[in-house]
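Coordinate analysis (summary)
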Amino acid sequence: MRQTNRGFAILHGGCIRDPRLLARLGLYASLTFILGATLFPSGSELPEFVGCLVCGARGLSDALVNVLLFLPFGAALAALGRTGRRSIFYGFALSCAIELSQTVIPGRDPSLGDVCFNTLGTAAGQWLAWLANRWLAPTPRAAARLSLLAAGAALLVFGLTAHLVQPSLPARDFSAWYTADLPELDWYHGRVLRTTLGPIAFSPNRLPDPDVVRRLLLAGAPLEIDAVAGRSVRGLAPLFVIVDEDDEEVFLVGPDRGDLVLRYRTRAARWRLDQPDLRLRHAFAHVASGDTLHIGVRHDNGGYCLSLNQVARCGLGYSVGSGWTLLYYPRHLPIWISTGLEIAWVAGIAFPFGLWARRRPETVLAAALLTAALLVLPFLTGLIRTPPHQIAGGGIGVLLGAGLHAWLRRRRPT
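Residues numbered from 1 in each chain as written. Predicted model: local features only at pLDDT ≥ 70, side-chain atom pairs only at ≥ 80, totals over all residues. Heavy atoms only, no water.

**Concerning the pattern of salt bridges**
To keep things clear, this is the line we draw: In the sections that follow, a salt bridge refers to a side-chain nitrogen of Lys or Arg positioned within 4 Å of a carboxyl oxygen of Asp or Glu. Segments assigned H or I by DSSP are reported as helices when at least four residues long, segments assigned E as strands when at least two residues long, and all are numbered from the N terminus. Throughout this description, buried means an accessible area under 20% of the type-specific maximum (1.4 Å probe, protein chains only), exposed means over 50%, and partly exposed covers the range between.
Enumeration over the complete set of coordinates arrives at 12 salt bridges. For Arg331, the salt bridge identified is with Asp256, shortest N-O distance 3.5 Å. One end of the pair, Arg331, is in the loop between strand E11 (311–316) and helix H10 (335–356); the other, Asp256, is in strand E6 (residues 249–256), and 75 residues separate them in sequence. Overall, the relative accessible area of 1% leaves Asp256 in the buried class. Between Arg281 and Asp259 there is a salt bridge whose closest N-O contact spans 3.9 Å. Pair noted here: Arg281 is in the loop between strand E8 (278–280) and strand E9 (292–300) and Asp259 is in strand E7 (residues 259–264), with a separation of 22 residues, a long-range link.

**Quick word on the state of the cysteines**
For clarity, the threshold we go by: Disulfide assignment relies on a single distance test, namely cysteine sulfur atoms paired within 2.5 Å.
Taken as a whole, this structure holds 1 disulfide when the rule is applied. Here Cys96 stays unpaired: no disulfide links it, and the sulfur of Cys116, its closest cysteine neighbor, is 9.0 Å away. Here Cys96 falls in the partly exposed class, since its relative accessible area comes to 24%. Since its relative accessible area comes to 36%, Cys116 is described here as partly exposed.

**Regarding the side chain of Thr195**
Filter applied, for reference: As used in this structure description, the phrase polar contact means that two N or O atoms lie within 3.5 Å; if the pair is within protein, one of them must be able to donate a hydrogen and the other to accept it, and residues adjacent in sequence are counted only when both atoms belong to side chains. Two residues form a contact once any of their heavy atoms are found within 4.5 Å.
Within the fold, Thr195 resides in strand E2 (residues 191–197). Among the polar contacts listed, one links the side chain of Thr195 to the side chain of Tyr178, at a separation of 3.3 Å. Excluding its chain neighbours within four sequence positions, the residues that come into contact with Thr195 are Tyr178, Ile200, Ala201, Phe202, Leu223, Glu224, Ile225 and Phe240.

**Describing the sheet that holds E11**
As a reminder, the rule being used: Here the rule is simple: two strands pair whenever DSSP picks up at least two bridges between them.
Strands sit in the order E3-E2-E4-E9-E10-E11 across an open sheet of 6 strands; the sheet is antiparallel. Lying at the two open borders of the sheet, with one neighbouring strand each, are strand E3 (200–201) and E11.

**A look at the packing of aromatic side chains**
The following threshold applies: Only rings of Phe, Tyr and Trp enter the pairing, Trp through its six-membered ring, and a pair is recorded when the two centres are within 6.5 Å. The plane angle decides the type: under 30 degrees is stacked, over 60 is edge-to-face, the rest tilted.
Applying the stated rule across the entire model yields 7 aromatic pairs. Here Tyr178 and Phe240 contribute two aromatic rings whose centre-to-centre distance is 5.9 Å and whose plane-to-plane angle is 45°, an arrangement assigned as tilted. Here the residue Tyr178 occupies a position in strand E1 (residues 174–178), and Phe240 occupies one in strand E5 (residues 240–244), the gap between them amounting to 62 residues. Judged by its relative accessible area of 13%, Tyr178 falls in the buried class. What makes Phe240 buried here is its relative accessible area of 1%. Measuring from centroid to centroid gives 6.4 Å for Tyr188 and Phe284, while their planes differ by 75°, and the two rings are edge-to-face. With a gap of 96 residues between them, Tyr188 in the loop between E1 and E2 and Phe284 in the loop between E8 and E9 connect regions that are remote in the sequence.

**Considerations on the pairing of E11**
Bridge count between strand E10 (residues 303–308) and E11: 4 bridges; the pairing is antiparallel. By the bridge assignment for E11, Leu306 is matched with Arg313. Here E10 folds back onto E11 in antiparallel fashion, the turn holding 2 residues, of which Asn309 has a positive phi close to 55°.

Keep in mind these values describe shape, not function.
Spelled out as structure tokens, the structure:
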């Protein structure tokens, strides 16, 4: 308890008359975010309570998000002096109340796993608060070593992102379908006329040699689809889809509202993380039912080129800032929000380096490592080149971390 209070005394440092005000604001903010993220309807059907711990195709990502969601809540309680089993019980009770409420909220998925991982997140927040004086005010030598550790962690996160977004196509039999009616997807009432993948042509509902198809897909062979457009859809709908013998999606091209979407099974899906996609935005915006469609998909310099008639864009792919999409990927976010999340993701990963950077050799090496993670790693792992806004996010994170360190140093008790 004393250790926690000393750590947060560094934060308060006398610039706020009530040293508990900042902690209260953090508690209110975390509660507002938790309730806003969990109690709004997200569909039209009433859910059923699920008794498993890691549930569904994206069970691991749900578990991680639930831990992160309650982590600030636990840390804020600790900053207010609420520590120990009772505070962890507060997180448990809040989660139980939310899950019970979700049983009558359309589109929500209450589960026992959510309660367990929310409680774990509360405990993790308490633990981080207990360590606050160690990671907020280390000695210069320890800080420099921590900066090197932070840069290594950034390299690990970006490298893991690159590994998880790579295609993972099963070696089992495939089937190809046109305008299929699949669970959880819309039905597109268009008509495919011709589909080719590299040198081979597809026939409706029948696939050429699966080994050849798998090899061509992994090699990034160009895919071309000629079709007649159907009426617009309100969600993702397959125009051309490849499924495995369990009727699970392997590769999909189709419309989603006004966008043309390419989605393929990734290694992340095998780990039950979320499934992001690549989009040619507004490609269907001026397409009417009955129009002729010519769709092209080809691999290009680590990314993809997507085209629909006269609309085309290259350089689409996953980057170091795409890691957040593996945890939670809402398909219809405006581009400015997704861009902001990419900036925030990279900034958050770079922030610890800025906090612990010191004028020591370890920090110089750490800076080189972080720079390589942002600029060199993509060329070695199949990610697209790091976009300028993500590089700026890294700089913002470093500056915020360094700014927090300077602020704490000025207000540290003597």
